[in-house]
Every structure is written in C-alpha cells, then in structure tokens.
Amino acid sequence: NVAVVLYTSDLRLHDHPPLRAALSSCDRVVPLFVRDRAVDAAGFAAPNRLAFLADCLADLDAGLRERGGRLVLRSGDVVAEVGALVRECDADEVHMAAGVSGYAQAREERLRAALEAEGVRLYVHEAVVTVAAPGAVLPAGSDHFAVFTPYFRRWSELPPRPVAAAPRSVRVPEGIGSDPLPRRADVTGVSPGLARGGEREARDLLRRWLRAGLSRYADAHDDLAGDATSRLSPHLHFGTLSPTEAVHRARTAATGHAADPGAEAFVRQLCWRDFHHQVLAARPETAVRDYRDRRDRWRTGAAAEEETEAWKEGRTGYPVVDAAMRQLRHEGWMHNRGRLLTASFLTKTLYVDWRIGARYFLDLLVDGDLANNQLNWQWAAGTGTDTRPNRVLNPVRQGLRYDPAGRFVHRWVPELAGLDAPKVHEPWRLPAPDRARYAYPDPIVELADGLDRFRRGRDTG
Ligand code: FAD
C-alpha cells in the first residue's frame, strides 16, 4: 500500500515523524511538496525565502534519491493537488506535520474533509515543527501561556521526544509525475549575502555551532559585531533542522557540565520559538491584530511615511539602527538585538504601526514566519506578551552597549568607517568641521520628541 507524505515547513529526512510513520505502515511512499498558490497570493513568496526554499527542495530531493526515492513537486491549490495525487497513486493514507497559523489550521481541516470523502485517512503529526505541540502545556483555565517564564518552566519539564533517525530507503511508486524543481539561480531580487538552504547545510551548521559557538553563546549572543548566534533560524523556519534534535544535541554536547550556560541559553531561545507558536496557534488573529492593549492611534501621513522609508533604507541618522537595517537588506537576516532595537525605533520612537514594520521584515527575512515575526514585533511594540510593554530602547545606549567598539556600525555603514567608538554612535555631536567629513544623515527625529510622542500616544490612545 501507498502513503503520501505532504511536506510543508519540515523539509528534512532526519527526525521526521510523518515520514517515519508512513514508512512503517506502507511499503511505498510519495514525498510531496505543493507550491501552494494561496501562500504565494498572500505575499509569502518573497525572493529570499523562495531562493532558500529552492535549495531546500533540491537537497531534499537529493537525499531521497540517495535512498532510492525522490521528491514530487506540484503547484496549485494544496487540497486539490493532494487529492489528485492520492487518486493517481491510489494512496491509503496521508501524513503531514501540524501547523500553527490560521491558514495551516484551515488547510488541515479542508484536507481532512476532502480525504475522508475519498476514504483516505489524514494523519497530522504534532511536535514536528516545534519541540512541544502548542497545547502540550497549558495554564489552568486558558488555552495558552501569555507569559514566557512560566511557559518555559513547564516546557522544560516535558519528557523529551526521542529523536528519530533518517530512513535508510524510501520506495516511491512508479510513474508519478512531478513539476520541475525550482532553482535558486532563477529567483530574482535575492539579497546578495543570503545563506544557503538545505538539510545538509543545516546539519553542517549545527555541527559547527555545537563545536565552536555554543559555549560562548550565553555571554556573547547580544554582541552585534561578534555575530555569535547560531544562524539556524532559516533552517528552523523551513524545517531542514528539527528543533527537537537541536535541543537534544545542544544538551548532549554540553554533558559533563550539567548546567552548561551556553546550552541552557540556547535551549531557552528555542523555547521562545515554541512560545510564540503556541500563542499563534491559540490566537491566529494576532498575526494581524494586537494581542492586547489595542492601540489605534499610530502615526500616519506624509511625515510618518517619509520616516518609515528612511528606516527601511537605513538612513535614520542613528548608526546602529541603520547598520541593522542594512544588514537585513544585504543578508535577508538580522541579528536579534538589531531586530529588537529597530522594531522599538519604528514603533516607539517613530510611533508607526508594528504591522508596517512586520510586513517589511517579512518581505526580506529568510527566516520570516508569522509566529516569530508578528509576535516578536508585537512584543517590541508593547502590544504583545512583553510584561514591560512601556520600555523604549534608546538606540544610542543600545549601540554603546551592544556594539561598544563600533565594529558593527563600521561593517554596515561605511560612511562612518573612520569614526571611532563611542563617537560613531552619535556623529551629530561632532564639532561642525569634523561632522562635515561624514556623508551621513542627521537624525530624522530627536529621541526626546519620540519619547514624548510615545507617552502622549499611550495616554490618549
Ligand atoms: P539564536 O540566537 O542562535 O537562537 C536559536 C534559535 O532560537 C533561533 O534560530 C530561533 O529559531 C529561536 N529564537 C531565538 N530568539 C527567538 C525569539 N525572540 N523568538 C522566537 N524564536 C527565537 N525569528 C524567526 O525565526 N523568524 C522571524 O520572522 C523573526 N522575526 C523577528 C522580528 C522581531 C522584531 C524580533 C525582535 C525577533 C524576531 N525573530 C524572528 C526572533 C530572533 O530575532 C531570531 O530567531 C534570531 O535572531 C535568529 O538568529 P539565530 O538563529 O542566530 O538565533
């Protein structure tokens, strides 16, 4: 008998419960990826993610071929395509990973109904995309944890799911047609410094990270220039790396030092990922609506639009903000500290709606996903789950603290390359003749005015 494995955000062979389950109940399996028209139409087909996706699909196909199988690619409406394939290969069951967004939840419902009508069973596997299923731990009387720390405590107590090995062989039925796989080289508008995708790349990166990065992580993860984070986020987004395996391997890499601070800090960040996924699963509308503290009075109009453009283009006149925004454009990725301070700047200093910033990030981020992007934006904007929603990050102090030698600014804002820290974080303070040597804009807004606007907005909004 035959099973279809529908791949979505889980483009791997290692630790893949749907593939494993399909192989244990059926002798032939069709690994399927559908280039979903609805996902493209909703604006998620941004060039950086499409290019990375092309790498991931090529690598998944190569991994399957090494095992005697191959990847089948179809394009169109996902429910119609799965239905057609099920009929073509006379499949008995379909396996897939559970998703968390409103769209993913509706897709599962539609698929279940369509397949049941044909007498085919849909198996939706939890804890593939995340370490814990969204409902695995719940506070009394609610369908999700709204605060991270108690969630983390309960999440840490869950018994770990065993990590499954990659299958040795995959037999695909004969004669199943596939669209040609997309090629990275065919995608236009890709950031020049975009990372490479694919499971092999993910596993190499994890190996290097555990060997050379993890032990420094607790101390160095906020150092903008040190770039001492794992950069695994695109792989976690596309599922070329299992988050369960990442947790397991970080913990075992650190055995011998029972409470290794690097591993603890890294696992805690992976828990943040699960935290946002469980919030979105319970409140899918927060992808577009304020989680709480609804604020309708964001600035609009020509001045706000011009300042937003300056923010997007990295010419706000605040060097660390501009450096981070230019990193985003160049790499399709930004350091977490950069994301925090640029998001705070847009929403709390310029007082522009977080949705505008979140949309821009989604257009560029290779790891851009609804759970992490929208809910981190809400966190930074003070409309989300931050227990201190009124904190405003001062970009000068952030620069002095997280880029003390100015190396991050020098890397991304070459106009200021000749200016040492700490002056590089406040070039407007230079005496006029020195200031004139740097072709770099003056601040588009005074920080005191921004703070004042934020406080007034809060009082009346
Ligand atoms: P590491 O520091 O090595 O962390 C390991 C992993 O933990 C990451 O790969 C990521 O999967 C997870 N993680 C770390 N921090 C967070 C966090 N705050 N929330 C959720 N998961 C986290 N992350 C995304 O994956 N996609 C996004 O679209 C996204 N948008 C963001 C937008 C804003 C405004 C902010 C403040 C943060 C956003 N993040 C997003 C979270 C975080 O910035 C990135 O996950 C991180 O910078 C990725 O780099 P890394 O893999 O080197 O992280």
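Each residue is numbered by its place in its chain's sequence as written, counting from 1. Confidence filtering applies because this is a predicted model: local features only for residues at pLDDT of at least 70, side-chain atom pairs given and counted only at 80 or more, and all residues used for totals across whole chains, interfaces and linings.

Per an unreviewed UniProt entry, the protein chain goes by the name DNA photolyase family protein and belongs to Streptomyces flavotricini. UniProt positions are given in the numbering used here, feature names are shortened, and annotations may be inferred rather than shown by experiment. One UniProt comment on the protein chain, placed under Sequence similarities (unreviewed entry), says "Belongs to the DNA photolyase family." Entered under Cofactor (unreviewed entry) in the UniProt record, the comment concerning the protein chain runs "FAD".

1. Considerations on the packing of helix H4 (residues 78-89) against helix H5 (residues 102-117)
Only the stretch in contact is used when a helix axis is fitted, and all axes are lines through C-alpha atoms; the angle between N-to-C directions ranges over 0 to 180 degrees. What counts as a helix is a DSSP run of H or I of at least four residues, what counts as a strand is a run of E of at least two, and both are numbered from the N terminus. Interaxial distance between H4 and H5 falls to 10 Å at its minimum, and their mutual angle equals 35°. For the element pair H4 and H5, the recorded crossing hand is right-handed. Between H4, through Val78, Val79, Val82, Gly83 and Val86, and H5, the contact on the second element is made entirely by Arg107, Arg110, Leu111, Ala114 and Leu115. Throughout, the ten residues Ala, Val, Leu, Ile, Met, Phe, Trp, Tyr, Cys and Pro are labelled nonpolar, Asp, Glu, Lys and Arg are labelled charged, and all others, Gly among them, are labelled polar. A breakdown of the residues in the contact of H4 with H5 according to their chemical character gives seven nonpolar, one polar and two charged. By convention the crossing between two helices is left-handed if the near helix lies anticlockwise of the far one by an angle smaller than a right angle, and right-handed if it lies clockwise. Here, residues touch in the contact sense if the C-beta positions derived from the backbone fall within 7 Å of one another.

2. Some remarks on the UniProt feature "domain: Photolyase/cryptochrome alpha/beta" (unreviewed entry) in the protein chain
Taken from the UniProt record, the annotation "domain: Photolyase/cryptochrome alpha/beta" (unreviewed entry) applies to residues 1-130. Helix makes up 50% of residues 1-130 and strand 23%. Its end C-alpha atoms lie 30 Å apart.

3. Quick look at the site of the ligand
Near, as applied to residues and a molecule or strand, means the residue's backbone-placed C-beta atom lies within 6 Å of it. Near the ligand there are 28 residues, and of these Thr229, Ser230, Ser233, Asn373 and Asn376 occur at the shortest range. Ranked by residues supplied to the shell around the ligand, first place goes to helix H11 (residues 261-282) with six residues. No fewer than three residues from each of domain 2 (130-159 + 199-282) and domain 3 (302-460) sit in the shell around the ligand. The domain limits used here are those given by an automatic or database domain assignment.

4. Details of the domain arrangement of the protein chain
We note that the domain assignment places domain 1 (2-129), domain 2 (130-159 + 199-282) and domain 3 (302-460) within the protein chain. On a C-alpha basis, the centres of domain 1 and domain 3 stand 39 Å from each other. In this complex, domain 1 contributes six residues to the contact, which on the side of domain 3 involves eight residues. Here the residues of the side of domain 1 that touches domain 3 are counted per class, giving three nonpolar, two polar and one charged.

5. Some points on the pairing of strand S1 (residues 2-7)
Partly exposed residues are those whose C-beta has more than 12 but fewer than 20 other C-beta atoms within 10 Å; with 20 or more the residue is buried, with 12 or fewer it is exposed, and the C-beta atoms are placed from the backbone. Extensive coverage of S1 is indicated by the burial of six of its six residues. Burial along S1 is two-sided: the face carrying Val2, Val4 and Leu6 and the face carrying Ala3, Val5 and Tyr7 are both buried. Pairing between strands is defined by DSSP: at least two bridges between them are needed. Direction of pairing for S1 relative to strand S2 (residues 28-36): parallel, over a ladder of six bridges. Within S2, the position partnered with Ala3 by the bridge is Val29. As judged from the four bridges shared by S1 and strand S4 (residues 93-97), these two strands associate in the parallel manner. By the bridge assignment for S4, Ala3 is matched with Glu93.

6. Here's the deal with unusual backbone geometry
Residue Pro422 is reached from Ala421 by a cis peptide bond, and omega for that bond is 0°. Backbone geometry at Arg231 places phi at a positive 60°, although glycine is not the residue there. The residue Arg231 is located in the loop between helix H8 (214-220) and helix H9 (233-238) in this model. In this structure Arg231 comes out as partly exposed when scored by C-beta crowding, with 16 C-beta atoms within 10 Å.

7. Re the pairing of S2
With seven of its nine residues buried, S2 lies for the most part within the structure. Pairing of S2 with strand S3 (residues 72-76) involves five bridges; the strand directions are parallel. What sits directly across from Val34, in S3, is Arg74.

8. With respect to the sheet that holds S3
Spatially, the five strands line up as an open sheet ordered S3-S2-S1-S4-S5, and their pairing is parallel. Each edge of the open sheet is held by one strand with a lone partner, namely S3 and strand S5 (121-125). Sheet twist, expressed as the mean angle between neighbouring strand axes with direction ignored, is 25°.

9. Section: the nonpolar core
Residues Val4, Val30, Leu32 and Val94 are the most contacted members of the largest nonpolar core, which totals 122 residues. Setting aside chain neighbours within four positions, we find Val94 in contact with Ala3, Val4, Leu6, Val82, Val86, Leu115, Val120 and Leu122. Under the definition applied here, buried Ala, Val, Leu, Ile, Met, Phe, Trp, Tyr and Cys residues are grouped into a nonpolar core through C-beta atoms within 7 Å.

10. Concerning helix H1 (residues 17-25)
When we look at burial in H1, the residues that qualify are Pro18, Leu19, Ala22 and Leu23. End-on view of H1: buried residues confined to an arc of 130°, all on one side of the axis. In this structure, the buried side of H1 is in contact with S1, S2, S4 and S5. In this context, the arc is that of the directions from the helix axis out to the C-beta atoms.

11. A closer look at the environment of Asp10
You can see Asp10 is positioned in the loop between S1 and H1. Every residue in contact with Asp10, bar those within four places of it in the chain, is listed here: His16, Ala97, Val128, Val129 and Gly239.

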